Amino acid sequence: RTRVVPWPWPGPPEECLAQALDAVGVRRLLGRLPPEDRDRALAEALAALRARYDGRRVRFEATIVVAWAER
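Predicted model, so just to flag it, every value in this text is computed and none were measured.

Peer 1: How do you make sense of the pattern of salt bridges when you look at a structure like this?
Peer 2: Close approach of charged atoms lets side chains of opposite charge pair. Within the structure shown, the criterion is met by six salt bridges. Across the salt bridge formed by D22 and R27, the nearest N and O atoms sit 3.1 Å from each other. With a closest N to O distance of 3.6 Å, D54 and R57 form a salt bridge. When its relative accessible area of 36% is taken as the criterion, D54 is described as partly exposed. Via salt bridges that share partners, D54, R57 and R59 belong to a single interconnected network.

Each value, and the rule that gives it
- Residues numbered from 1 in each chain as written.
- Predicted model: local features only at pLDDT ≥ 70, side-chain atom pairs only at ≥ 80, totals over all residues.
- Heavy atoms only, no water.
- Salt bridge = Lys/Arg side-chain N within 4 Å of Asp/Glu carboxyl O.
- Buried < 20%, exposed > 50% of the residue type's maximum accessible area, 1.4 Å probe, protein only.

Next comes the structure, spelled out in structure tokens:
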């Protein structure tokens, strides 16, 4: 079964983006892009996060798969 569950970031979009860049090593990959492409990618990511910001948290959802087996 799949379930969609809330998975909010407890803070502003700027903090969420900074954490995501550090946590998954994206900052290093972005460093390989030409500056104009890097700036555009970061601006688009921040705009997407701001669209999900409610003033207190960035609202995400996660789709999880619940599986079990019996023997």
